[in-house]
Amino acid sequence: MKICCLGAGYVGGPTMAMIAYKCSDITVTVADINEARINAWNSDELPVFEPGLDDVVKAARGRNLFFTTDKVTAIKEADIIFVSVGTPTKTYGAGAGKAADLKYIELCARDIAEHSDRSKIVVEKSTLPVRTAQGLKTVLSANTREGIDFQVLSNPEFLAEGTAIEDLENPDRVLIGGEEETEAGRAAIETLAKVYEYWVPRENIITTNLWSSELSKLVANAFLAQRISSINSISALCERTGANVDQVAYAIGRDSRIGPKFLKASVGFGGSCFQKDILNLVYLCEYFGLPDVAAYWEQVIIMNDWQKSRFSQKIVTTLFNTVNGKRIAMLGFAFKKDTNDTRETAAMYVGRDLLDEQAVLAVHDPKVSREQIFKDLKESETDAEGNPNPLVDICDDPYEAAKGAHGLAVMTEWDSFKDLDYKKIYEGMYKPAFIFDGRNILDHEALREIGFEVFAIGGK
Ligand code: NAI
C-alpha cells in the first residue's frame, strides 16, 4: 500500500512519520509545495521541534518514509491521500475573521482529481468546517475521468503540539468519518482503520458519519479552550477576593465529573488551532441561523483576548504606569513548552502591547528563532542604517535577558525556567524587581524571600 500526504507541516510531518514508523510495509510520501520545508524534513534540522520526533523520522526516513516537492508523482502512486494543508481563518470577503479559508484544500482536491488515474481514498486530516467533504467530493468528481471514484473520509488529528509523538503513539482515540450508508464508504473506512490498527487497539478507533467527524474536531477544541477561558475568568475573581486559582482548580478538578486537566490559569491560550477553530464554529452557527449559540462560543475568545491584554496592562500599571525605555525580560515566546511554534502565542500580543508603550523587550526562548520573534513582534532586526533594533533584544541566555531589567515576565512554561538562579537574576535587575508569572510555574514564596515583587495569575 502507498500513502501520500499533501502538507508537511506540524500535523502532516509527525503524523505521517508515525504511520511510516509503525507500518514498515506501507510506503509513505509527504509532499509539500514549500521546498525549504521539504529540505528541512530531509535534513538533520527538522522544521518542527517535538520531543521524540527526530528518532521516529530517522528510523523510517529513506526506508518507507519520503519527503518530496513532487506532489504529482506522490498523488499518482498513492492508494490513500491525506490532505493536511493549512486552514487559516479567512482574512478577506464573506466570513473574514471567522470562517476557515478553504483555498488550499480546494487546490489539493483539484490536483488529486487531475493526477489520479484510478480510484483513491482521500482523507481530510486538516481541521475543516462541517460539510466540507461534500464540496471536496463535488470538486473531485467534476474534474476526473469516468470510472474513477473517490471516497472522502474525515480523520481529524487530535495531537497536541509539544506531546505530538506521545499522542500519536497512544491516541485516546482515532476518529474516522465516512459514508457509513454505502458499501464503498464502509470499505474505505475499513481500509483506513486497518492502517491505524497496526498500533492502535480497535476499540480506540471510532467510526462515524462524515459530518459528525468533521464537527467533533471543532467541538473538541472549543471544549478544551472553554476550560481555559473558564479558569482564566476565575483567576481574575481570585485576584480580587484572596482566593487562589491553583487551589480552586485543584479542588474542583478532584471532582471526577470535572477532572484535573486543562484547568491551569495562565496569560491566555495560543497556538494555531483553538482560536481559529472556535471562530470557525462561531461562523458555522451564524451561517446555520443560530446566533445565540454563536455568541456563547465567541465568549471563549473574548475572555482569552481580555486575559492577554489584562496581563500587559498589569505590567504597565505595576511598573508605576510607565514602561517607556524600561527593559522587560520575556522568558519564553513559544505558545507552550516543548514546541517552537509561535502561532497566536500570548507572548506576541503582550510583547506588541509593551512595545506600544515603548518598553525595551529582552526575549529569551530555548527553541524559537530570532527571525520568528522579530516577525511576530512586527519589528525589523535593524534600522535603515543597519543598526540593531534598540527596542528588541533577543537573548540566548535568560540571565542576559534579565540583566538591567525592571520586570521579568514568564510567558511560556518551559521547565528550565523553574530552576534558574533567581538570586543572580535579582541582583542584575533594577529595584524594586518585579516578576510577572504568566504561567504560575515559579516558587513565588522563594522569590519573595529573595526580594522580588511577584504578580501571579489568580493571586498567589
Ligand atoms: P502548517 O501550516 O504547519 O502546514 C501546512 C503545510 O501545507 C505547509 O507546509 C504548506 O506549504 C503546505 N501546503 C499548502 N498547500 C499545499 C498544496 N497544495 N500541496 C502540498 N502542500 C501544501 O499547518 P499545520 O499546523 O500542520 O495544520 C494543518 C491542518 O491540521 C490545519 O487544518 C490545522 O487546523 C490542523 N491541525 C493542526 C494541529 C496543530 O497542532 N498544529 C492539530 C490538529 C489539527
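Given the structure is predicted, the values throughout are model-derived calculations rather than measurements.

A.B. asks: How would you explain the UniProt feature "active site" (unreviewed entry) in the chain if you had to name every residue and give the values?
C.D. replies: Per the UniProt record, "active site" (unreviewed entry) is found at Cys273. Position of Cys273 relative to the elements: it lies in the loop between helix H10 (245–253) and helix H11 (274–287). Exposure remark for Cys273: the 24 C-beta atoms within 10 Å place this residue in the buried category. In this view, Cys273 contacts Thr127 and Asn221; residues no more than four positions away in its chain are not counted.

A.B. asks: Describe the site of the ligand, naming the residues involved and giving the relevant values.
C.D. replies: Lining the immediate surroundings of the ligand are 27 residues, of which Gly7, Gly9, Val11, Ser126 and Thr127 lie closest. The element that contributes the greatest number of residues to the shell around the ligand is helix H5 (residues 103–115), accounting for three residues. A per-class count over the shell around the ligand returns 12 nonpolar, 10 polar and five charged.

A.B. asks: Could you give an account of the domain arrangement of the chain, with specific residues and numbers?
C.D. replies: How big an interface is tends to be reported as the loss of accessible area on association of its parts. Domain boundaries in the chain define domain 1 (2–200) and domain 2 (210–460). Centre-to-centre, using C-alpha coordinates, domain 1 lies 32 Å away from domain 2. Between domain 1 and domain 2, the contact holds 27 residues from the first and 26 residues from the second. Listed by contribution, the elements that provide at least two residues to the side of domain 1 that touches domain 2 are helix H6 (132–142) and strand E7 (174–178). The element best represented in the side of domain 1 that touches domain 2 is E7, accounting for four residues. Class assignment for the residues of the side of domain 1 that touches domain 2 results in 14 nonpolar, eight polar and five charged.

A.B. asks: Before we move on, could you go through H6 and cite the residues and values that matter?
C.D. replies: For H6, the full list of buried residues reads Thr132, Ala133, Leu136 and Leu140. Looking straight down H6, one finds that the buried residues subtend no more than 95 degrees of arc, so they occupy a single side. Turned more than 90 degrees off the buried face of H6, the exposed positions are Thr138 and Ala142. On its buried side, H6 packs onto H5, strand E5 (120–124), strand E6 (150–154) and helix H9 (210–241).

A.B. asks: Tell me about the UniProt feature "domain: UDP-glucose/GDP-mannose dehydrogenase C-terminal" (unreviewed entry) in the chain, and please be specific about residues and values.
C.D. replies: Residues annotated by UniProt as "domain: UDP-glucose/GDP-mannose dehydrogenase C-terminal" (unreviewed entry) correspond here to residues 329–444. Here residues 329–444 is 27% helix and 16% strand, with 17 Å between the C-alpha atoms at its ends.

A.B. asks: Give a description of the environment of Glu77 that names residues and reports values.
C.D. replies: Along the polypeptide, Glu77 turns up in helix H4 (residues 71–77). Along the sequence, Glu77 and Gly407 sit 330 residues apart, while their C-alpha atoms lie 57 Å from each other.

A.B. asks: Quick rundown of the nonpolar core? Include the residues and the values.
C.D. replies: A general feature of soluble globular proteins is that nonpolar side chains tend to end up buried together. In terms of nonpolar packing, the biggest core is built from 137 residues, with Ile81, Val122, Ile328, Met330, Ala409 and Met411 touching the most fellow members. In terms of domain composition, this core takes at least three residues from each of domain 1 (2–200) and domain 2 (210–460). Excluding its chain neighbours within four sequence positions, the residues that come into contact with Met411 are Val267, Met330, Leu331, Gly332, Phe333, Ala346, Ala347, Val350 and Gly438.

A.B. asks: Describe the sheet that holds strand E10 (residues 360–364), naming the residues involved and giving the relevant values.
C.D. replies: The strand order across the open sheet formed by six strands is E11-E10-E9-E12-E13-E14, and the pairing between neighbours is parallel. The sheet terminates laterally at strand E11 (392–394) and strand E14 (453–456), the two strands that pair on one side only. Strand after strand, the sheet turns through a mean of 20 degrees between neighbouring axes, direction not considered. In this sheet, E11 lies alongside E10 in parallel orientation, the contact comprising three bridges. Residue pairing for E11: Ala362 is matched across the bridge by Asp393.

A.B. asks: I'd like to hear about the pairing of strand E8 (residues 205–209), residue by residue, with values.
C.D. replies: Judged from the five bridges that link them, E7 and E8 form a sheet pairing that is parallel. Following the sheet pairing, Ile176 is matched in E8 by Thr207. For the crossover that starts at E7, traverses helix H8 (residues 183–196) and ends in the parallel E8, the hand is right-handed.

What counts and what doesn't
Residues numbered from 1 in each chain as written. Predicted model: local features only at pLDDT ≥ 70, side-chain atom pairs only at ≥ 80, totals over all residues. UniProt positions renumbered as here; feature names shortened; annotations may be inferred. Helix = DSSP H or I, 4+ residues; strand = E, 2+ residues; numbered from the N terminus. Buried ≥ 20, exposed ≤ 12 C-beta atoms within 10 Å, placed from the backbone. Contact = placed C-beta atoms within 7 Å. Near = placed C-beta within 6 Å. Nonpolar A, V, L, I, M, F, W, Y, C, P; charged D, E, K, R; others polar. Domains from an automatic or database assignment. Arc of directions from axis to C-beta. Core = buried A, V, L, I, M, F, W, Y, C linked by C-beta atoms within 7 Å. Pairing = 2+ DSSP bridges. Axes fitted to C-alpha atoms, helices over the stretch in contact; angles between N-to-C directions. Right-handed = clockwise from strand over helix to strand, strands pointing away.

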